[in-house]
Amino acid sequence: MHTQAITLTDLIKSLGGPPIETQTPIEVRQRYSSTVVPSDEAVAEIRNVDANGIPARLYRPRLDVELGLLVYFHGGGWVIGNLETHDDVCRAIANRSGHAVLSVDYRLAPEFPFPAPLDDCIGATRWAFEHAHELGCDPDRIALGGDSAGGNLAIVVALESDVPLRCLVLIYPATDATQKHQSQDENANGPILTKATVKWFLGHYLANGAIQSDPRVSPHFAPDASLTKLPSTLVITAEFDPLRDEGEAFASRISSLGVPTSSVRYRGQIHDFLRYSQFLDDAHSARTLIGATLSRALQKT
């Protein structure tokens, strides 16, 4: 493991607290939110918007031109996370890409299990496409992205929403709810995220009886004919992450189907590393990579 990641995980361990899977969703949300450090990344415009009843936050790094737009879905296992927990990430992506970011505050399980979070993300994406000009953005230059559960949602929205897309950015995405990939066992007791914690998240998300192999839950099981329609895709994974292999397997599959795909593993890194730029040089590197990818994908043609 990277020495910086060791320092970070030691710090998190020193804060104490029981394992996530022994707590209630409300307790975990409160603890997750309490770790947020206010961002010092200045952005030209930040404003909250109503995406047809779905709360969202718009980040615009420039005000003088019509921009491309990344619709972003935060991570947190469909159970935790919000606009604040990923505020710094969205600010950084907006500034490094030169394009706008719309962060979506979708409903959370178990109060709103599958498909409610997905429905919100589809609805917000369609709204963003239909109202792009009001956001100072070009409806022909839209991308989707997200981390962890948010990466899962981004894939399924791309398959379900019918919104024309330029690019997908998937950061350690959850693609297979069966938990059968090798990294689930290899990193079962990994820092930040464990196999038991993944099971806890999935139990809440699928609380209404949805099945793990439903392609809208696990895009790993989507048919080839659907996946071939995906836009160019960047997949970022972390070596010490239970989700590593399912993200890389998804990248390999869509690449074999002809989807332009880049897959980058950050060796020595842990799940959720993108959020910890104050500790990890690799978080800065990944943010720069995402920005450069979006800058190319969302440029005017």
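Predicted, not measured: the structure shown is a model, and the values here were computed from it.

Chemist: Would you mind showing me how to read the overall build of the protein here?
Modeler: Counting secondary structure elements, the protein contains 10 helices and 8 strands. Taking 2.2 N^0.38 as the reference for a compact globule, 301 residues should give roughly 19 Å; the C-alpha atoms of the protein span a radius of gyration of 18 Å, in line with that estimate. Reported as C-alpha extents along the three principal axes, the dimensions of the protein are approximately 50 × 45 × 35 Å. Per-residue burial for the protein yields a buried fraction of 57% across its 301 residues. The long-range fraction of contacts in the protein, counting pairs at least 24 apart against all pairs at least 6 apart in sequence, stands at 76%. Here the protein displays about 12000 Å² of accessible surface, and carbon together with sulfur accounts for 51% of that area. Averaging the coordinates of the 26 positive side-chain charges in the protein and doing the same for the 36 negative ones gives two points 2 Å apart.

Chemist: Looking at this model, I keep getting lost on the packing of aromatic side chains. Mind explaining?
Modeler: Any aromatic ring pair is given by two values, namely how distant the centres are and how the planes are angled relative to each other. Within this structure, the stated rule accounts for 5 aromatic pairs. Here Trp78 and Tyr205 contribute two aromatic rings whose centre-to-centre distance is 4.3 Å and whose plane-to-plane angle is 0°, an arrangement assigned as stacked. A residue pair is termed long-range when its members are at least 10 positions apart, and Trp78 in the loop between β3 (67–73) and α3 (87–97) and Tyr205 in helix α7 (residues 195–205) qualify at 127 residues. Residue Trp78 is classed as buried on the basis of its relative accessible area of 5%.

Chemist: Explain the sheet that holds strand β6 (residues 167–171) here, please?
Modeler: Strand-to-strand pairing in sheets goes through backbone hydrogen bonds, with the strands running parallel or antiparallel. Across the sheet, 8 strands lie side by side as β1-β2-β4-β3-β5-β6-β7-β8; this open sheet has mixed pairing. On the outer flanks of this sheet lie β1 (45–50) and β8 (261–270), each paired with one strand and no other. Ignoring strand direction, the axes of neighbouring strands in this sheet form an average angle of 20°. Judged from the 5 bridges that link them, β3 and strand β4 (residues 100–104) form a sheet pairing that is parallel. Residue Tyr72 lies in a different strand from β4, and its bridge partner there is Ser103. Of the strands in this sheet, β3, β5 (137–147) and β6 touch helix α5 (residues 149–160), which is tilted by about 140° from β5.

Chemist: Would you take a moment to explain the pairing of β8 for this structure?
Modeler: Side-chain direction in a regular strand flips from residue to residue, so the side chains alternate between the two faces of the sheet. Alignment of strand β7 (residues 232–240) against β8, held across 7 bridges, turns out to be parallel. Bridge assignment links Ala238 to a residue of β8, and that residue is Tyr266. Between the parallel elements β7 and β8, the chain passes through helix α9 (residues 244–256) in a crossover that is right-handed.

Chemist: Mind showing me how you'd approach the state of the cysteines here?
Modeler: Cysteine pairs can be covalently joined through their sulfur atoms, and such a bond is termed a disulfide. This model, assessed by the stated rule, comprises 0 disulfides. Cysteine Cys90 shares no disulfide, and the gap to the nearest cysteine sulfur, in Cys121, comes to 12 Å. Judged by its relative accessible area of 0%, Cys90 is buried. Looking at the unpaired Cys137, the closest cysteine sulfur is the one in Cys90, lying at 13 Å.

Chemist: Which parts of the structure should I look at to understand the pattern of salt bridges?
Modeler: Per the stated rule, a full pass over the model turns up 18 salt bridges. For Arg47, the salt bridge identified is with Glu45, shortest N-O distance 2.7 Å. With a shortest N-O distance of 3.1 Å, Arg62 and Asp64 are connected by a salt bridge. When salt bridges with common partners are traced through the structure, they connect Arg57, Glu84, Asp87 and Arg91 into a single cluster.

Chemist: Where do I start with the nonpolar core in this structure?
Modeler: One broad trend across soluble globular proteins is that nonpolar side chains are buried collectively. Counting 62 residues, the largest nonpolar core has Leu69, Phe73 and Leu144 as its most contacted members. Broken down by element, this core gets its largest block of residues, 7 residues, from α5. Apart from residues no more than four positions distant in its own chain, Leu144 is found in contact with Leu70, Val71, Phe73, Thr125, Ala154, Val157, Ala158, Leu165, Cys167, Leu168 and Val169. By size, the runner-up hydrophobic cluster in this structure holds 31 residues, among which are Ala5, Val89, Ala94 and Leu298.

The rules behind the values
Residues numbered from 1 in each chain as written. Predicted model: local features only at pLDDT ≥ 70, side-chain atom pairs only at ≥ 80, totals over all residues. Heavy atoms only, no water. Helix = DSSP H or I, 4+ residues; strand = E, 2+ residues; numbered from the N terminus. Rg over C-alpha atoms; globule rule 2.2 N^0.38 Å. Buried < 20%, exposed > 50% of the residue type's maximum accessible area, 1.4 Å probe, protein only. Contact = heavy atoms within 4.5 Å. Areas by Shrake-Rupley, 256 points an atom, 1.4 Å probe, with all protein chains shown as cover. Lys, Arg positive; Asp, Glu negative; His and termini not counted. Charge placed at Lys NZ, Arg CZ, Asp CG, Glu CD. Phe/Tyr/Trp six-rings, centres within 6.5 Å; stacked < 30°, edge-to-face > 60°. Pairing = 2+ DSSP bridges. Axes fitted to C-alpha atoms, helices over the stretch in contact; angles between N-to-C directions. Right-handed = clockwise from strand over helix to strand, strands pointing away. Disulfide = S-S within 2.5 Å. Salt bridge = Lys/Arg side-chain N within 4 Å of Asp/Glu carboxyl O. Core = buried A, V, L, I, M, F, W, Y, C linked by side-chain atoms within 4.5 Å.

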